[in-house]
Amino acid sequence: MRISKCKVAQSTRTFVVLTLLQFSATAFAQSFVPGEVIVRLKSEHGTAASYTFMGKASADKAMTLKRSWSKLKIYHYSLHKSKSVEQSLKELKQDPNVEYAEPNYYLTKSDLPGFHQSFTAAEIRASSVQAQSVVATDANIGIQSVWSNNSGVPAKRPIVAVIDTGLDTDHSVIQDTDALWTNTGEIPGNGRDDDGNGYIDDVHGWNFVDGNGTIYDDDNHGTHVAGIILSVDQDIFADPLRRSRVQIMPLKFLNGNGVGTTSDAIRAIYYAANNGASILNNSWGGSSYSYALAEAIAYTYTKGALFVAAAGNNGGNNDAAPMYPASYDIPNVIAVAATTDYDYLASFSNYGDNTVHLGSPGTYILSTIDGDDFGTSSGTSMAAPFVAGTAAQMKVESPNMLGYQLRSILMGETTTVAQLNGKVQTNGRLDSFGAVAYAKVATVSATQPAYSANFGDRDLASSMAGGAGCGLVHKLNQGGGPPIGGGTALLVLALTVLPIAVLLVLRRQSPENRRQYERFNINSDVRISVGDRELVGSISSLSLGGVQLNTSALLQDGGLVSMSISSPDGQERVEVAGRVVWSDANKSYGVAFDHAPQSVLSRLSDWTQSLKRAA
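Please read these numbers as outputs of a predicted model, since none were measured by experiment.

### Describing the environment of I565
Summarising the element assignment, I565 is placed in strand β26 (residues 560-566). The class for I565 is buried, based on a relative accessible area of 1%. Residues I565 and V576, spaced eleven residues apart in sequence, show a C-alpha to C-alpha distance of 8.0 Å.

### Digging into helix α12 (residues 403-412)
The element α12 is extensively covered by neighbouring structure, given that nine of its ten residues are classed as buried. Those residues of α12 not exposed but buried are G403, Y404, Q405, L406, R407, S408, I409, L410 and M411.

### A look at the pattern of salt bridges
For the structure shown, the criterion picks out 20 salt bridges. A salt bridge links E91 to K61; the shortest N-O distance between them is 3.8 Å. With E91 in helix α3 (residues 85-92) and K61 in the loop between α2 (48-59) and β2 (64-69), this pair connects stretches of sequence that are 30 residues apart. Note that R429 and D343 form a salt bridge whose closest N and O atoms lie 3.0 Å from each other. One end of the pair, R429, is in strand β18 (residues 428-429); the other, D343, is in the loop between β13 (333-339) and β14 (358-361), with 86 residues separating them in the sequence.

### Observations concerning the environment of G191
As for its position among the elements, G191 is in the loop between α7 (172-176) and β7 (206-207). Judged by relative accessible area, G191 falls into the partly exposed class, the value being 47%. On a C-alpha basis, the gap between G191 and D201 in space is 6.3 Å, while along the polypeptide they are ten residues apart. The contact partners of G191, leaving out residues within four places of it in the chain, are I200 and D201.

### Things to note about unusual backbone geometry
Residue D239 is joined to P240 through a cis peptide bond whose omega torsion reads 5°. Tracing the backbone shows P240 in the loop between α8 (221-231) and β8 (247-252). With omega at 15°, the peptide bond leading from Y324 into P325 counts as cis. With a phi angle near 85°, N220 is a residue other than glycine that sits in the positive phi range. Mapped onto the elements of the fold, N220 is located in the loop between β7 and α8. Positive phi, close to 60°, is recorded for N427, a residue that is not glycine. Inspection of the secondary structure puts N427 in the loop between β17 (415-416) and β18. For N427, a relative accessible area of 22% corresponds to the partly exposed category.

Cut-offs used in this document
- Numbering of residues starts from 1 in every chain and runs along the sequence as written.
- Per-residue local features of the predicted model are confined to residues with pLDDT of at least 70, and side-chain atom pairs are confined, for both listing and counting, to 80 or more; whole-chain, interface and lining totals are unaffected and use all residues.
- Only hydrogens and water are removed before side-chain values are computed, so all heavy atoms of the structure are retained for them.
- Only DSSP runs of H or I covering at least 4 residues are called helices, and only runs of E covering at least 2 are called strands; the numbering of each starts at the N terminus.
- Exposed residues in this analysis have more than 50% of their type's maximum accessible area, buried residues have under 20%, and partly exposed residues fall in between, with area computed by a 1.4 Å probe over protein chains only.
- Think of a salt bridge as a Lys or Arg side-chain nitrogen and an Asp or Glu carboxyl oxygen that are within 4 Å of each other.
- Here, two residues are considered to be in contact whenever any of their heavy atoms come within 4.5 Å of each other.

Here it is in C-alpha cells:
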C-alpha cells in the first residue's frame, strides 16, 4: 500500500475545494460573544481612577467582571442582559478612563474540515513509502537532514506551546518520545496551586474551555498540529521512537467545533509566555482586530518568544483583508501560507506580499490524530507547525536566540520559488535544514529592537496590515567579515511606503547604492525616541523612503526609532517611525521609514519642493 499526502484523486480535491468555499463563508465571519466586552483603562490598577471606573461599571452599568489582567489594565466584563455589545461599546468609548473597548471575538482553527485519510502506525510502517515522503511532504524542506544532523537531546529542551484544541496526551508518539511538557512546580492531584501561577494542578498545561488541567482533544486538530511539530524532530513513524529534543505544552482554548474566544486565546498566550514557552504555534484566526490580543502577542515579544501564525484558508489577500493574529505588525510574528507538492500556493491558502512571510507545506499532511492513529489534513494550520517545529530545532542548536532572530533566519533561509513570487514577502518556502544549519553557526545578539503597541482610533471592522522587518543575525566566519543573511550581504526590509517593497543594503555598502528614492539635502533638527531614551540630532538628507540621521548617540542596526523632524523653515514638525538599516562609524545612520502614513509622506514631499537634490 502506498501512503501519500499529496497524490489524491481529483474528485477528492474537488470535494475539498467545495467544502472549503462553504467553510470559508462562515469560519472567518466577524462575530463575537454576546454580552461580553474587553476594556483597557488608561489608569494603573489600584489608582483612584481605576476604582472609579470599576465602581461605575458595576453600579451604574450592571457589568460583571469575569477576569482581569490588572498589570496590563485590561478587564473582561459580562454585560447586563438589557445591553447589547454595540451599545455598551459606544458608551464605554465615551468614558475618559477607557483606553479602548472591544467585543470578545470568536476565533476558529485554520484547517479544512475533516481528515482525508487515516492509518494505524502498523499500516504506515508496513508500507514501502520512505519516511521522508510521508512526513516532509510534497516539497522537500530538508527534515530528514535535520534528523541526521541533530546534536542529541539537550538538558533543557525548548518548549513549544500548541495553542489549539488540546492534545491526545496518551498518543504513543507523545508518550514514547517523552514530548509532553511537565510543570515541575506543580504537585499532581493535590488541588492546590503549588507554583503560584494562578492555575491549580496545571501539570501538563491548561484547558481554558473547561477551566481545569485536564487536557484532551475533542477535535483532532491540536493533536495533528503537535505531531507535525515533532516530525521536524524525528521520524514519528519509526519503531522505536527516541526522546524528543523539544517539549509540547498543550493549551486548549478551542472547543470540539474548533471555535474559541479572544479572551481565552489571550489567557493561553500569557500562560505560555509566563511558563517558559519560547515558540507559540497558533493555527487559528479571525478577521477582527483585537487590541487586547495584539497586546498579548506584544508581551510574548518582550519575553523573547517566536509567535507562529497560520495565514488563513479563504484564499484571500491578507494585505487587503487582514487575518489575525497572522496580520499583526509585531516583530516576532511570522505568518505562514500553505504550499502544495509542486511548491505552488495552495488554492485555499491566504497570501500577501507584505503581510504573509513565507510558504510551508500544507496539503494532505500525515500526522498524529486522536486514538493513537494517524491521518492526513490540509490547511495553513498544517503549514504553521512545520515552521514552529523548525524554530524549536533552531532553539536546540542556539538556546539563547530570541524570537526576533529566529524569525529573521527562517525568512532569510527560505528556498526561493517562482510560484510564490508576489504571494509571500520572502518569495520563498520554508527550508528547515537551512534554517537549523544557520542557527548552529550564528552569533546571537542578546537584545532586540524596542516595540510598543499603538492605541490609535480604530473602528470595529477595521484591520491593520503590514509586516515587521527582519532581525539581524550574523553568521560566524574566520577572521570576521561583513554581516551575512540568507547567504548574501542583503537584508530584505519590507516597507509599506506608497506601498512598495524596498530592497535596502546593509551598512557595508555605500549610501549611494542604497537609494531607491530621489534624495534631497536638508539641514533640520530631529528629536529621537529609542525605547525610554530621548535623543537629539540632525537630518542631512531626506527622501520618501527615509532619512540620513546624524547623532552622537549609538543606535542599533535593525532598531526601531521614533523621530520628530523639523521642516526646513522650522515652522512645523512631522512624527514618523523608522528602522536603522545602515550606519557610518556610529555618527550617521540610514533610517528607513516604517509604515509612514500617507499624510506624513505628503508633507515630506511638499518640503522637498524647496530643497536641492542630493548628489
